[in-house]
Amino acid sequence: RPRRQGLLIGLREGCGRHPDHRHLHVTLGDMSLRLGDLAAAETALKKALALHKDGHGFFLLMKTLERQGRSAAALRAGKRMVRLDADSSHRHLQFGQVQVAAGDRSGARTALRRALELAPDDARFLRELSELVTEPEGAGGTFSGARTYKAVDTCAAEFAAQTPYYYSAWERPGPDGRPPHQVR
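Here the structure is a predicted model, which is why all the values come from computation and not from measurement. (Residues numbered from 1 in each chain as written. Predicted model: local features only at pLDDT ≥ 70, side-chain atom pairs only at ≥ 80, totals over all residues. Heavy atoms only, no water.)

## Regarding the overall build of the chain
- When its secondary structure is counted, the chain shows eight helices and two strands.
- Along the chain, from the amino end to the carboxyl end, the secondary structure elements read α-α-α-α-α-α-α-α-β-β.
- Expressed as a percentage of the 184 residues in the chain, the buried residues total 35%.
- When contacts within the chain are restricted to residue pairs at least 6 apart in sequence, those whose partners lie at least 24 apart make up 45%.
- For the chain, the accessible surface area stands at approximately 11200 Å², while carbon and sulfur atoms represent 52% of it. (Helix = DSSP H or I, 4+ residues; strand = E, 2+ residues; numbered from the N terminus. Buried < 20%, exposed > 50% of the residue type's maximum accessible area, 1.4 Å probe, protein only. Contact = heavy atoms within 4.5 Å. Areas by Shrake-Rupley, 256 points an atom, 1.4 Å probe, with all protein chains shown as cover.)

Below, the structure written as structure tokens:
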């Protein structure tokens, strides 16, 4: 951490000496984000994007805004990111993840499907999309259940399984209002 702080001081000095050097501002924004100085990250990234708009800068800005709890602004940055990097499966995945966090399930499905179209052999996209599609929404996204994990004896009771298989399911709370039993 002290080494990162020293790097941060050097980056700030470099940005002061070379205010038109976009890469310095992006790196300062990235490092500030990693260290949790979200206001400094936002300032540096906006300066970098004013100099030159690129997908990586918008990705970092999107993550900064998301961590600040500014979902609408994060989604706007994400839209600009995927417009600039329209053929990047990773950018669509990243945007889909932010959309899920913001509660935009429909938009997330679209982004994740596009990521899967661009990279059909990448299992991450399929996993993200399948989790999104199988999560229950209920009326207006108000499902009041909880994800639980259940064990399956894969040996059909012939002998005790050394490594049971766990699967996830969605269950509603019991009559007492407590969450369903979860495997620990």
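## A short note on the packing of helix α4 (residues 55-67) against helix α6 (residues 89-102)
- One way to put it is that α4 packs onto α6 with a least axis distance of 11 Å and a crossing angle of 15 degrees. In terms of orientation, α4 lies roughly parallel with respect to α6. Of the two elements, α4 crosses α6, and the hand of that crossing is left-handed. Each of Gly55, His56, Phe59, Met62, Lys63 and Glu66 in α4 lies in contact with α6, whose residues at this interface are Arg91, Gln94, Phe95, Val98 and Ala101.
- A class-by-class count of the residues in the contact of α4 with α6 yields five nonpolar, three polar and three charged. (Axes fitted to C-alpha atoms, helices over the stretch in contact; angles between N-to-C directions. Parallel < 35°, antiparallel > 145°, perpendicular 65-115°, else oblique. Left-handed = near helix turned anticlockwise from the far one by under 90°. Nonpolar A, V, L, I, M, F, W, Y, C, P; charged D, E, K, R; others polar.)

## A look at helix α2 (residues 22-35)
- With 14 residues, α2 extends 20 Å from end C-alpha to end C-alpha; this agrees with the ideal 20 Å at 1.5 Å per step.
- Summarising burial for α2: 11 of the 14 residues are buried, a large majority.
- Within α2 the residues assigned to the buried category are Arg22, Leu24, His25, Val26, Leu28, Gly29, Asp30, Met31, Ser32, Leu33 and Leu35.
- On the buried face of α2, the contacting elements are α1 (2-17), α3 (38-51) and α4. (Expected span 1.5 Å × (residues − 1).)

## Quick notes on the packing of α3 against α4
- Between α3 and α4, the shortest axis-to-axis distance is 9 Å and the interhelical angle comes to 155 degrees. Compared by their axis directions, α3 and α4 come out roughly antiparallel. Taken as a pair, α3 and α4 cross one another with a handedness that is left-handed. Side by side, α3 and α4 meet where Leu38, Ala41, Glu42, Leu45, Lys46 and Leu49 of the first sit next to Gly57, Phe58, Leu60, Leu61, Thr64, Leu65 and Arg67 of the second.
- The class makeup of the residues in the contact of α3 with α4 is eight nonpolar, two polar and three charged.

## As for α6
- Relative to the 20 Å expected for 14 residues at 1.5 Å per residue, α6 spans 20 Å between its end C-alpha atoms, a close match to the ideal helical length.
- Within the sequence span of α6, burial applies to Ser89, Arg91, His92, Leu93, Gln94, Phe95, Gly96, Val98 and Gln99.
- Immediately beyond the C-terminal end of α6, within one or two residues, lies glycine 103, with a positive phi of roughly 90 degrees.

## Details of the confidence of the model for the chain
- In this model, the chain carries a mean pLDDT of 80, and residues with pLDDT of at least 70 account for 71%.
- Taken together, the stretch residues 138-144 has pLDDT below 50 and engages in nine contacts with residues farther than four places along the chain or on a different chain. (pLDDT = per-residue confidence, 0-100.)

## Observations regarding a positive patch on the surface
- A surface patch of like charges, here positive, comprises Lys53, Arg76, Lys79, Arg80 and Arg83.
- By the element assignment, lysine 79 lies in helix α5 (residues 71-84).
- Under the relative-accessibility criterion, lysine 79 is labelled partly exposed at 46%. (Patch = residues over 30% accessible without salt bridge, like charges linked within 9 Å, V, L, I, M, F, W, Y side chains within 5 Å. Salt bridge = Lys/Arg side-chain N within 4 Å of Asp/Glu carboxyl O. Lys, Arg positive; Asp, Glu negative; His and termini not counted. Charge placed at Lys NZ, Arg CZ, Asp CG, Glu CD.)

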